[in-house]
Amino acid sequence: MSQRPRRRLVRRSNGGQYVEAMVVIAVITILVTRAYLAATGYPQIGGGDLHIAHALWGGAGMVIALVAVLSLLGRGPRHFAVLIGGIGFGLFLDEVGKFVTKTNDYFFAPSVSIMYVVLVVILLVNHEILDRLGLSPAASLGSAAAIAQEGLMSGLTPAEYRRAKRLLATAGDGGADARSIAATVTMLDACPQSAPSRAERVSAWFRAHPVADLGGARMTLVAAGLLALFSWAGVVSAVVTITEDVSGGLGPGIVTVGQFLGSALAAALCSICLPLLRRGTIGPVRLLRLAALITILLTEVFNFVAQEFGALINVAVGLLALAVFTYRMQRLRQAAADEAAAAA
């Protein structure tokens, strides 16, 4: 009998994608809710002394998501939980102004910044967990076994089968139990084959078209240039505002200083890394990703204080750049791993 494994947290290989999807759905829910309420004159559900706030519907959505993911197996319930949980969390978070003010002020101006900080903290904690835990042999083996489990119920696409085999190879290289790996391989081979999923077909289309490929060299260059342009525009705008404040006898405000520092750091990193992208190495892309994180986590916090929802355009640019640089890093790491495997 093999030695009992030590209990520890084991990450799901694609768990971070589910968390990110939930956050994106929550943001969309907040925007749609605010737009709908503004267009309809802020109607209220209830009558007389009753007002059923949509935070309650949000709580119900999150509970439904928990029940689904705790009670049911398979990808379908998990995707359902991400969708309903994200909508529920967005509805709940949208009313944060009522929870932090004595007057239950839904229009409390700083509430937009609070929402943004909460969502950013969730993403940071998610990435910190993934970075600290890493994809250990146990995580690789467990993730492959989870893919096999779902494949027995609903079949495996060729891409899912290849992904599971890569995870098993990683587990084997890390010293995972050989009998467990063999048992998982048996499960994988017993799974019925499914046609490529819609997401896999879309991903294949993007990879076949360099102009639209998020992980391609061309899109990386475009994203870096766009981020640099917006960052330098932020520097100029902050300098103009500070100059006007000083000439008017006022000191520079903390919000404007924060906007300047964040924009300047991101602009400097982009300007340094743009000429280095032609090398095709991961170093400049990693620094560009840092510039995107600075934009999202520092500059945009101050932008939301100053502009509220008007800062969403800059956030969209930062998130797009972050996605492109992250995909590019994954692509470069995979290429390096393939080269190492071929050399061995």
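About the thresholds
- Residues numbered from 1 in each chain as written.
- Predicted model: local features only at pLDDT ≥ 70, side-chain atom pairs only at ≥ 80, totals over all residues.
- Heavy atoms only, no water.
- Helix = DSSP H or I, 4+ residues; strand = E, 2+ residues; numbered from the N terminus.
- UniProt positions renumbered as here; feature names shortened; annotations may be inferred.
- 1 Å grid on protein atoms, 1.4 Å probe; cavity = no way out; pocket = protein on both sides within 12 Å on 5 of 7 lines; lining within 4 Å.
- Points joined across faces, edges and corners; volume = space filled by probe spheres on them.
- Nonpolar A, V, L, I, M, F, W, Y, C, P; charged D, E, K, R; others polar.
- Phe/Tyr/Trp six-rings, centres within 6.5 Å; stacked < 30°, edge-to-face > 60°.
- Buried < 20%, exposed > 50% of the residue type's maximum accessible area, 1.4 Å probe, protein only.
- Axes fitted to C-alpha atoms, helices over the stretch in contact; angles between N-to-C directions.
- Parallel < 35°, antiparallel > 145°, perpendicular 65-115°, else oblique.
- Left-handed = near helix turned anticlockwise from the far one by under 90°.
- Contact = heavy atoms within 4.5 Å.

A. Focus on unusual backbone geometry. Even without glycine at this site, N104 takes up a positive phi of about 50°. With respect to the helices and strands, the residue N104 is situated in the loop between α4 (96-99) and α5 (111-133).

B. Broad picture of the UniProt feature "transmembrane region" (unreviewed entry) in the protein. UniProt records the feature "transmembrane region" (unreviewed entry) at residues 21-39, 51-73, 80-100, 106-125, 221-242, 254-275, 287-305 and 311-327, using the numbering of this structure. Here residues 21-39 is 100% helix and 0% strand, with 27 Å between the C-alpha atoms at its ends. Across residues 221-242 one finds 100% helix and 0% strand; the C-alpha atoms that close the span lie 31 Å apart.

C. Structural view of the layout of surface pockets. In this model, the second largest pocket occupies a volume close to 560 Å³. Forming the boundary of the second largest pocket are 21 residues, of which Y18, V69, R78, A81 and V82 lie nearest the centre. Counting residues per element, the ones that place at least two in the lining of the second largest pocket are α1 (15-40), α2 (54-71), α3 (75-94) and α6 (137-154). For the lining of the second largest pocket, the element with the most residues is α3, which contributes 5 residues. Residues belonging to the lining of the second largest pocket are distributed by class as follows: 14 nonpolar, 4 polar and 3 charged.

D. Representation of the packing of aromatic side chains. Applying the stated rule across the entire model yields 2 aromatic pairs. When the centroid spacing of 5.5 Å and the interplanar angle of 35° are considered together, the rings of F92 and F99 count as tilted. F92 gets classed as partly exposed once you look at its relative accessible area, which sits at 33%. Arranged with centres 5.3 Å apart and planes meeting at 80°, the rings of Y106 and F107 form a pair that is edge-to-face. A relative accessible area of 7% means that Y106 is categorised as buried.

E. Examining the packing of α1 against α3 more closely. One can describe the packing of α1 onto α3 by two numbers: an axis separation of 7 Å at closest approach and a directional angle of 45°. What the angle tells us is that α1 and α3 run oblique. α1 and α3 meet at a crossing whose hand is right-handed. Residues Y18, A21, M22, I25, A26, T29, I30, T33 and R34 of α1 form the contact with α3, whose own contacting residues are R78, H79, V82, L83, G85, G86, I87, F89, G90, L91, L93 and D94. Its residues placed into classes, the contact of α1 with α3 shows 12 nonpolar, 6 polar and 3 charged.

F. Summary view of the packing of helix α10 (residues 217-247) against helix α11 (residues 254-273). The geometry of α10 relative to α11 is characterised by a closest axis approach of 8 Å and an angle of 145° between their N-to-C directions. Remark: the crossing between α10 and α11 carries left-handed chirality. Contacts between α10 and α11 pair A224, L227, A228, S231, W232, G234, V235, A238, V239, T241 and I242 from the former with T256, Q259, F260, S263, A264, A266, A267, C270 and S271 from the latter. When its residues are assigned to classes, the contact of α10 with α11 shows 13 nonpolar, 7 polar and no charged.

G. Seen up close, the environment of A21. If you trace the backbone, A21 turns up in helix α1. Residue class for A21 comes out partly exposed when judged on its relative accessible area of 29%. A21 sits 62 residues away from L83 along the chain, and the two C-alpha atoms are 8.2 Å apart.

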